[in-house]
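# Overview (structure and organization)
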Amino acid sequence: MNLLIVFGTTEGQTRKIAERVATDVRGRGHQVELLDSAEFTSDLKLGHFDAFVIAGSVHQEHHQEAITNFVFAHHELLSTKPSALISVSLSAALKGHEADAQKYVDRFVSVTGWQPRMTLLLGGALRFTKYDYFQEQFVRFVVMKGGDPNPERDYEFTDWNALADFTDRFLETIG
Ligand SMILES: Cc1cc2nc3c(=O)[nH]c(=O)nc-3n(C[C@H](O)[C@H](O)[C@H](O)COP(=O)(O)O)c2cc1C
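Anyway, here's the lowdown on the structure attached to this text. Here the structure is a predicted model, which is why all the values come from computation and not from measurement.

Rules and cut-offs
- Residues numbered from 1 in each chain as written.
- Predicted model: local features only at pLDDT ≥ 70, side-chain atom pairs only at ≥ 80, totals over all residues.
- Heavy atoms only, no water.
- Helix = DSSP H or I, 4+ residues; strand = E, 2+ residues; numbered from the N terminus.
- Rg over C-alpha atoms; globule rule 2.2 N^0.38 Å.
- Buried < 20%, exposed > 50% of the residue type's maximum accessible area, 1.4 Å probe, protein only.
- Contact = heavy atoms within 4.5 Å.
- Areas by Shrake-Rupley, 256 points an atom, 1.4 Å probe, with all protein chains shown as cover.
- Lys, Arg positive; Asp, Glu negative; His and termini not counted.
- Charge placed at Lys NZ, Arg CZ, Asp CG, Glu CD.
- Pairing = 2+ DSSP bridges.
- Right-handed = clockwise from strand over helix to strand, strands pointing away.
- Salt bridge = Lys/Arg side-chain N within 4 Å of Asp/Glu carboxyl O.
- Polar contact = N/O pair within 3.5 Å; in protein donor to acceptor, adjacent residues only side chain to side chain.
- Near = heavy atom within 4 Å.
- Nonpolar A, V, L, I, M, F, W, Y, C, P; charged D, E, K, R; others polar.

### Describing the overall build of the protein
Each helix and strand counted, the protein has five helices and eight strands in total. Going from the N terminus to the C terminus, the protein shows its helices and strands as β-α-β-β-β-α-β-α-β-β-α-β-α. Relative to its length of 175 residues, the protein is compact, with a C-alpha radius of gyration of 16 Å against a globular reference of 16 Å. Out of the 175 residues belonging to the protein, those deemed buried represent 46%. Counting contacts in the protein only where the partners sit at least 6 residues apart, residues at least 24 apart contribute 78% of the total. For the protein, the computed accessible surface area is about 8,900 Å², with 48% contributed by carbon and sulfur atoms. The average position of the 17 basic charges and that of the 24 acidic charges among the side chains of the protein differ by 2 Å.

### Focus on the pairing of strand E2 (residues 31-36)
As paired elements, strand E1 (residues 2-7) and E2 share six bridges and run parallel to each other. When the sheet's bridge partners are listed, Leu3 is paired in E2 with Val32. The handedness of the E1 to E2 crossover, carried by helix H1 (residues 13-27), is right-handed.

### Notes on the pattern of salt bridges
Close approach of charged atoms lets side chains of opposite charge pair. In this structure the tally under the stated criterion is seven salt bridges. We note a salt bridge from Asp36 to Arg15, for which the minimum N-O separation is 3.3 Å. Of the two residues, Asp36 sits in strand E2 while Arg15 sits in helix H1, which places them 21 residues apart along the sequence. The residue Asp100 makes a salt bridge to Lys103 at a minimum N-O spacing of 3.9 Å. Placement of both Asp100 and Lys103 in helix H3 (residues 98-112) is noted, with a separation of three residues, approximately one turn of the helix. Using a relative accessible area of 16% as the deciding quantity, one classes Asp100 as buried. Relative accessible area serves as the criterion here: at 32%, Lys103 is assigned to the partly exposed category. Each of Glu61, Asp100, Lys103 and Arg107 takes part in one network of salt bridges that share partners.

### Some thoughts on the environment of Ser57
Mapped onto the elements of the fold, Ser57 is located in strand E3 (residues 51-59). Residue Ser57 is classed as buried on the basis of its relative accessible area of 7%. In this structure the C-alpha to C-alpha distance between Ser57 and Lys95, which are 38 residues apart in sequence, comes to 18 Å. Excluding anything up to four places from it in sequence, Ser57 contacts Gly8, Thr9, Thr10, Thr14, His62, His63, Gln64 and Val88. In this structure the side chain of Ser57 is engaged in a polar contact, spanning 2.7 Å, whose partner is the side chain of Gln64.

### As for the site of the ligand
If you check the shell around the ligand, you find 23 residues, and the closest are Thr9, Thr14, Val58, Ser91 and Ala125. Separating an oxygen atom of the ligand from a side-chain N or O atom of Ser57 is a distance of 2.9 Å. A distance of 2.9 Å separates a nitrogen atom of the ligand from a polar atom in the side chain of Tyr104. Bound to the protein, the ligand loses 98% of the 640 Å² it would expose on its own. A total of four residues in the shell around the ligand trace back to one element, the largest contributor, which is helix H4 (residues 133-143). Its residues placed into classes, the shell around the ligand shows nine nonpolar, twelve polar and two charged.

See the structure below:
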């Protein structure tokens, strides 16, 4: 089986997640290509792939424009093949914020017209040591709704075991 993983990332956590999926899928004996949606060119023949994983992260309540445009442009093909969505956000990892994480996905599905076979809401990371003032304020007061993380350090919320389980279950649906 030949699987394409297309990811959108702003600070790098979703690239790390996409790379982990690629490693796991290769470990199961399949071929994998990894593509940053920001670098997509029409030379890539999507019809050659048997299955797709789309991974994007959320900023200011939206997934990256590049991943949204990619999926919108190819939603008919994606819908004819096994395909899965990994939506990376802070809300996915915060207790009581799950409805927000689901809302981002509902919006993505409605805007792109693509209905993934499986969806994973996955926690991302916070890089307070790298954020500018606006980014830090947005994360602390809008996304965390006033929660009080220590902005001196970074946090990784990604549940790598949940990701591995998801990858296994997706591969099982393909057979
Ligand atoms: C400026 C900014 C805005 C963000 N907005 C949201 C948001 O609206 N909802 C949310 O759940 N997470 C939000 N996040 C958290 C990101 O989804 C999280 O940091 C994720 O790991 C980023 O993935 P990436 O490194 O692949 O871009 C935001 C992060 C930043 C820096």
